[in-house]
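Structural characterization, general
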Amino acid sequence: MINHSLAALLPALPVIPALSALLLALCGGAWLKKGSYNLVGGTAVAGAGIAFALALALWPAGLPGSSAALVFDLGPWIAAGGFDAGLRLTADSAGYAMVLLVTFFGFLITTYSVGYMRHDREQSRFFASLNLFVASMLVLVLADNLVLIFLGWEGVGVCSYLLIGHYWDEKGVPLAAYRAFFVNRIGDILFLLGVFTVFAAFGTVSLSELSARAASPHGGMMMFMGREPLAVLAAFLLLGGAFAKSAQAPLHVWLADAMAGPTPVSALIHAATMVTAGIYLIMRLDWLYAAVPQARFLIAACGLVTLVVGAFMALTQTDIKKILAYSTLSNLALMFLALAACSAQAAMLHLLGHAFFKALLFLSAGSVIHAAHHEQDARRLGGVLKSLPVTRLAFWVGCIGGAGLIPYLSAGFFTKEAVLESIRLSTFNGFGLGVSGSVVYWVVLAVESLSALYLFRLLGYLNGAASPTAHDHHHDHGHDGHHETPRETSPAIRFVLIALTIASPAFALFSATPALTAWVTAGEGHAEHIHWGHVAPFIALNIVLAAATYFVFASARRREGLLAALSALSWKGRGPLDRKFWFDDLYAVAVVLPLKVVAWVLRLVVENLFIGLLHLSALAGRGITTVASRAQTGRPHHYAAAILLFMAFAAWFLLWRRA
Amino acid sequence: MTFLTLSNALTVSLVLVLIGAFGVLRRRNLILVLLSVEIMLNGVNLSLISFNYFLWGASELGHYLYMLSIGVAAVEAAVGLAMVIVLFRNHRDVTRTRIARLGETSETEAGAGA
Amino acid sequence: MPQLPSVPDILFAVSAVAVIGFSLAVVLARNPVRSTLLLILSFLPVSLIYILMQATFAGILQVMVYAGAIMMLFTFVIMMINPAPGGGELPGDATSGKTFGKGDLLWVVLLCGVGLIVIPPVQYAASRITAPLIASGGSPAHKEGFGTVESIAQLIFRDPANNPLTVSFELISILILVGVIAAVNFGRRTQKAAKAASPQATADETNAAGGNP
């Protein structure tokens, strides 16, 4: 049984960070002018920290593993006819896990940002957006109906835009932010249409109500009786929204560009939280997707594409953050594949695990970037980790965790295994095609090996020897090529890195226990059945690959040699990796071109039709006056004639008409 | 053969009106225009008296209207002739071409002739 | 049964022809003085017609007011405008030497056409309306003292408080007064006009008015 009295804490969770954001928005600028950066940072950390404390305070409610949920109803919001979207917050077992995730990483990364952004600019807007993001994400996670989820959905989208565009006057940054927003907008439209379709199909948008109906013995079948088309449509539309938010193909194009924002943003939003919103949504609607196999097939197909695209693009990127971004793409695809396999539990598990090691990786990368004065090209950062001890440790732990090299210490290992198991055990049917889970299983396993490659390539660059040409170039941000060694200067950054370096393996250990599974599945927990027979060879393979890659890339000479050998085989700038698998071209044709055509047509219509009408009316007026003014001859006998004529006509009219 | 009929009287009246109309429209001298107006009024007065004679025996309202018509004609002639005098005084010319040109200042072009 | 026309009928016919003839002459004459005198002459047959129609007061008025006062006004003005001695053309009249040209013919045709269109229906309607009278052959019945001064005076001034004719009579008097004021005002010269006028006119004006206006 859960303790319902703690439900009163639920509304405070999003409200506190929102208030902090408001405070920062109003007073932050003034505080910065006075030089109190610490006040700004402190307010932000307080906002996120109190939210985390409140989340922890919910622990005694006994939610983990329980099948009941805390509910708090703030009152009606939109009620029209049969449509009722109230302000109802609910937290069940899985939702509580998300709440803890969001608040934990929100707090950690806000603290990290205090150190990272110290010498940056416009920090008040940054921290306000960051807090607002946490608040919106909490609304999204705690919402009980689809409309309230949409509120949080939009909120995180806006904050993402604001934060990506933080360096708004640098080349390409506003465009990247706009791109993220635009692609998300496409998803939002599909999401909204999906909400309407859900309402049309089932008469309600309340998640708890829908889940309850689906779970009841006969209700589950009755729900879909006669409404299959609408249900299928709803499933696909909502999927569109989820794809956009969680960067699945073909709506994944914004994630790599989103790295234009500051690194803490990438860590929080584009690794741990916002991009997981899509997965969370599908998880909440798992009863719907269980009934629509075609939608699951689509998820699997797009997931596979994204998995491959992400892994292969990460292999050749030179920007640290872009490597990690494409890695995120791959991992999100894994979560979606779990959902396609009808295993929301596995998806949630990997969601949590990925958050840990990816955040660790991003924050380590951020530390590197911060220390190297915003240099992000790995080729120019050769050996930088040698002078950054804490970061170096964090980076190693993160890479090992990401590649899953040491099972009980890699935050992603058991979670990935859970995903793979669920894939192996299911089949994917839809659109007349059927694929056995085993086939997909082996494909995914193979692609996942690439993660060892790209992660340790990065590590090789950063931890290995310096490139000979590293210090001869100017840095991107206008500093001269300086020869001072990068140093870890921020205690906040170091603190957070240490915390995560400990937390990540801790989570790995936790993830091996049935307790975590029980938490995520709300009741039926079981330890992961690891087929060590299958898995051990792959672990060994990954270790070998990682070691080999590191060996090659850590040495400048071997690195150059390999790249020279590879360039002989390359497609010379026209291959899939160079063209980002031609997705940008697809967008140019499918989205940009039609919009341009519409704009051109409208311009034609407006300029010619409307302005033509204006000209026409002016011409008409002028024409009429020109003709009519000929009656003003100035000669009185003309006027006399007119008068006489008129009198004659009037006489005729009066006399003969009346007769 | 009766000539004194309403239809004959009205015919005379209408003919007078048409003659007067011709004079109003075509004579260039302003005084002649005024005279033509008097001719038209003459015709109208004739019709007034005729109607009263042939259609009413009990009331002389038609005669009274005739008196009003004369009154108005007198006023109109007086004011019109006063204007003729002023025009003559200023321009020594009372033709309608002169009147048409009254609106011209040194900036506007002179229009075509009468 | 063919009947010889009675005296009133003959007189009416002659007067009708006369008035139309004189009016035509007024419009077609070249000399404005001649036009004025012909107009005076054209009022006389009209007066005769009125008397034939038992509108005695109207006939008297026609001669006294119209021919006597209004036409005298016209005559004065014509004389003041200084016509050329010998009845020639006034300066500015008939600039081309011909009194009538192409435009006049057009208007003549037009007006004749109007006449042809309008007059027959009017005749028809009038004869329809007065058919019973013609059938009985007699003149319409009139009351005792129809058309006399007393009768008309009675019409206008009887029961003045409730009589709209009284009001309108007074109003017409006011209208005449207004006309007088307007005419007098037109005749006044402003200071500017006084300076711009020719010395002869100024001399005439000063002589006539006997001082500054």
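Each value, and the rule that gives it
- Counting restarts for each chain, with residues numbered from 1 along the sequence as it is written.
- Just so you know, chain letters begin at A and ligand numbers begin at 1, following the order they were written in.
- At least 70 in pLDDT is required for a residue's local features to be given in this predicted model, at least 80 for side-chain atom pairs to be given and counted, and no such filter applies to totals for whole chains, interfaces and linings, which use all residues.
- Excluding hydrogens and water, the side-chain values take into account all heavy atoms of the structure.
- By salt bridge we mean one thing: a side-chain nitrogen of Lys or Arg within 4 Å of a carboxyl oxygen of Asp or Glu.
- Contacts are residue-level and defined by heavy atoms, with any inter-residue pair within 4.5 Å sufficient.
- Simply put, the buried area is the total loss of 1.4 Å probe accessible area from both parts when two parts are fitted together.
- Contacts described as polar in this section are N or O atom pairs within 3.5 Å, which, within protein, must combine one atom able to donate a hydrogen with one able to accept it, while residues neighboring in sequence count only if both atoms come from side chains.
- What counts as a helix is a DSSP run of H or I of at least four residues, what counts as a strand is a run of E of at least two, and both are numbered from the N terminus.
- What is meant by a nonpolar core is a set of buried Ala, Val, Leu, Ile, Met, Phe, Trp, Tyr and Cys residues, joined one to another through side-chain atoms within 4.5 Å.
- Throughout this description, buried means an accessible area under 20% of the type-specific maximum (1.4 Å probe, protein chains only), exposed means over 50%, and partly exposed covers the range between.
- The predictor attaches a confidence to each residue, called pLDDT, with possible values from 0 through 100.
- Here, axes are lines fitted to C-alpha atoms. For helices the fit covers the stretch in contact, and angles between N-to-C directions go from 0 to 180 degrees.
- Under this scheme an angle from 65 to 115 degrees is roughly perpendicular, one under 35 degrees roughly parallel, and one over 145 degrees roughly antiparallel; angles in between are oblique.
- Nonpolar residues are Ala, Val, Leu, Ile, Met, Phe, Trp, Tyr, Cys and Pro. Charged residues are Asp, Glu, Lys and Arg, and all others, Gly as well, are polar.

**Comments concerning the pattern of salt bridges**
- If you walk through the whole model with that rule in mind, you get 13 salt bridges over all chains.
- Look at the salt bridges and you will find they share partners, linking Glu154, Arg185 and Asp188 of chain A into a network.

**A few points about the interface of chain B and chain A**
- Taken together, the nine residues of chain B in the interface contact seven residues of chain A.
- Of the roughly 660 Å² buried where chain B meets chain A, counting both sides, 73% is carbon and sulfur surface.
- Interface area lost by chain B to chain A is led by Leu25, Arg96 and Ala100 of chain B, which between them contribute 54%.
- If you look at where chain B meets chain A, you find zero salt bridges.
- Where chain B packs against chain A, one counts zero residue pairs in polar contact (both at pLDDT 80 or more).
- Every element with two or more residues in the side of chain B that touches chain A is listed here: α1 (6–26) and α4 (96–100) of chain B.

**What to know about the nonpolar core**
- Core analysis: the biggest nonpolar cluster contains 204 residues, and Phe105, Phe127, Phe202, Leu288, Tyr289, Ile320 and Phe395 of chain A have the highest contact counts within it.
- Excluding residues within four positions of it along the chain, Leu288 of chain A makes contact with Phe202, Phe224, Ala231, Ala235 and Leu238 of chain A.
- Formed by 73 residues, the second largest nonpolar core is a distinct cluster that contains Leu81 of chain B together with Leu38, Ile49 and Tyr50 of chain C.

**Notes on the confidence of the model for chain C**
All names here are of chain C.
- When pLDDT is averaged across chain C, the result is 81; 76% of the residues are at 70 or more.
- Within chain C, helix α9 (residues 199–209) has the poorest average pLDDT of any element, 52, and helix α2 (residues 32–52) the best, 94.
- Counting contacts from residues 85–96, a segment whose pLDDT is below 50, to residues more than four positions away or on other chains yields 22 contacts.
- Confidence over residues 208–213 falls short of pLDDT 50; this stretch has three contacts with residues more than four positions distant or in other chains.
- Here the predicted complex carries an ipTM of 0.88, next to a pTM of 0.66.

**Quick look at helix α12 (residues 277–284) of chain A**
- Taking burial as the measure, the eight residues of α12 of chain A include eight buried ones, the bulk of the element.
- All of the buried residues in α12 of chain A are Ala277, Gly278, Ile279, Tyr280, Leu281, Ile282, Met283 and Arg284 of chain A.

**A closer look at the environment of Ala518 of chain A**
All names here are of chain A.
- Here Ala518 lies in helix α21 (residues 514–521).
- On the accessibility criterion, Ala518 (17% relative accessible area) is buried.
- Residues Ala518 and Gly65, spaced 453 residues apart in sequence, show a C-alpha to C-alpha distance of 5.0 Å.

**Brief notes about the packing of helix α3 (residues 61–91) of chain B against helix α7 (residues 164–187) of chain C**
- Where α3 of chain B contacts α7 of chain C, the two axes come as close as 9 Å, and the packing angle between them is 10 degrees. Looking at the two axes, α3 of chain B sits roughly parallel to α7 of chain C. Where α3 of chain B approaches α7 of chain C, its residues Leu61, Tyr64, Met67, Leu68, Val72, Val75, Ala78, Val79, Ala82, Met83, Val86 and Arg89 of chain B are matched on the opposing element by Leu165, Ser168, Phe169, Ile172, Leu175, Ile176, Gly179, Ala182, Ala183, Phe186 and Gly187 of chain C.
- Classifying every residue of the contact of α3 of chain B with α7 of chain C gives 19 nonpolar, three polar and one charged.

**Regarding the side chain of Thr501 of chain A**
Residues and elements named next belong to chain A.
- In this fold, Thr501 is placed in helix α20 (residues 491–511).
- On the basis of relative accessibility, which here comes to 12%, the residue Thr501 falls in the buried class.
- Engagement of the side chain of Thr501 in a polar contact is seen with the backbone oxygen of Leu497, the distance being 2.4 Å.
- Once you skip the residues sitting within four places of it in the chain, Thr501 turns out to touch Leu360, Leu393, Ala394 and Val397.

**Focus: the interface of chain C and chain B**
- On the chain B side, the residues contacting the 94 residues of chain C number 71 residues.
- Buried area between chain C and chain B, summed over both chains or domains, comes out near 7200 Å², and the portion from carbon and sulfur atoms is 75%.
- The largest contributions to the chain C side of the interface with chain B come from Met53, Phe74 and Phe186 of chain C, which together make up 10% of the buried area.
- Viewed at the interface, chain B and chain C are joined by one salt bridge.
- In this structure, Glu60 of chain B engages Lys143 of chain C in a salt bridge whose closest nitrogen and oxygen atoms are separated by 3.4 Å.

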